[in-house]
Amino acid sequence: MSDIKHQITIRGKEQDVYKALSTIDGLSGWWTRTTSGDSKVGGKIDFRFGQHVIAMRVAALEPGRRAAWECADSVGDWVGTKVNFDLQGKDGATVLTFGHKDWREANDYFGHCSMKWATFLLSLKQYVETGAGAPFPNDTAI
């Protein structure tokens, strides 16, 4: 199994970052504008990227500390993978440790997704710090 890992510091309180990770409005502000579903533990969130849909089941929510999902449906290698966002306050900012775990192999698609996650985490940072991210379809092309 292979894992994607990233870490980013966001100028903002843990609660503000958590809100961006745990609400439909927050997720729509940095990942994809066409996000819908139930953002409570056990709920399913659909993230639409044009015709492509990623369905995530909310696995855990710890206010100000953590959000975690399990991929329930998608094309490619995402099904069964786990996504986690762990938050820790440091010097008035939030350190976000990101993981997208349990990939079957580290192939070219895995590398592409790792890079895309990096751009979306920068969008999350921008969203929390300025109020405006760069979610799909206005995301950074790679």
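Conventions and cut-offs
- Residues numbered from 1 in each chain as written.
- Predicted model: local features only at pLDDT ≥ 70, side-chain atom pairs only at ≥ 80, totals over all residues.
- Heavy atoms only, no water.
- Helix = DSSP H or I, 4+ residues; strand = E, 2+ residues; numbered from the N terminus.
- Buried < 20%, exposed > 50% of the residue type's maximum accessible area, 1.4 Å probe, protein only.
- Contact = heavy atoms within 4.5 Å.
- Core = buried A, V, L, I, M, F, W, Y, C linked by side-chain atoms within 4.5 Å.
- Pairing = 2+ DSSP bridges.
- Axes fitted to C-alpha atoms, helices over the stretch in contact; angles between N-to-C directions.
- Disulfide = S-S within 2.5 Å.

(A) Spotlight on the side chain of Ser74. Take Ser74: it is sitting in the loop between strand S5 (66-73) and strand S6 (82-90). What makes Ser74 buried here is its relative accessible area of 12%. Leaving out residues up to four positions away in the same chain, Ser74 has contacts with His52, Val53, Ile54 and Val79.

(B) How the structure looks around the nonpolar core. By size, the foremost hydrophobic cluster in this structure holds 34 residues, and its most contacted members are Trp30, Trp31, Trp69, Phe85, Leu96 and Trp117. A per-element tally of this core places helix H3 (residues 108-130) first, with seven residues.

(C) Structural detail: the environment of Ile24. With respect to the element layout, Ile24 can be found in helix H2 (residues 24-28). Separated by 22 residues in the primary sequence, Ile24 and Asp46 place their C-alpha atoms 9.7 Å from one another. What Ile24 contacts, discounting residues up to four positions off in sequence, is Thr35, Ser36, Gly37, Ser39 and Ile45.

(D) A look at the pairing of S5. With seven bridges joining them, strand S4 (residues 52-62) and S5 adopt antiparallel strand pairing. Bridging from a neighbouring strand, Glu62 pairs with Arg66 of S5. Connecting S4 to the next strand, S5, in antiparallel fashion are three residues, including Gly64 with a positive phi near 75°.

(E) Structural detail: the sheet that holds S6. The strand order S1-S7-S6-S5-S4-S3-S2 describes an open sheet built from seven strands, whose pairing is antiparallel. Only two strands of the sheet have a single neighbouring strand rather than two, namely strand S1 (2-10) and strand S2 (34-37). Each neighbouring strand pair of the sheet contributes to a mean axis angle of 20°, computed without reference to strand direction. One ladder, built from eight bridges, connects S1 with strand S7 (residues 93-103); its direction is antiparallel. Counterpart to Ile4 in the pairing with S7 is His100. Strands in contact with helix H1 (residues 14-22) are S1, S4, S5, S6 and S7; relative to S6, the strand with the most contacts, it is inclined by about 165°.

(F) Inspection of the state of the cysteines at higher detail. Taken as a whole and judged by the stated rule, the model has zero disulfides. In this model Cys71 remains outside any disulfide bridge; the closest cysteine sulfur is found in Cys113, 10 Å from its own. Cys113 sits in the buried class, given a relative accessible area of 4%.

Taken by themselves, the reported measurements are silent on function.
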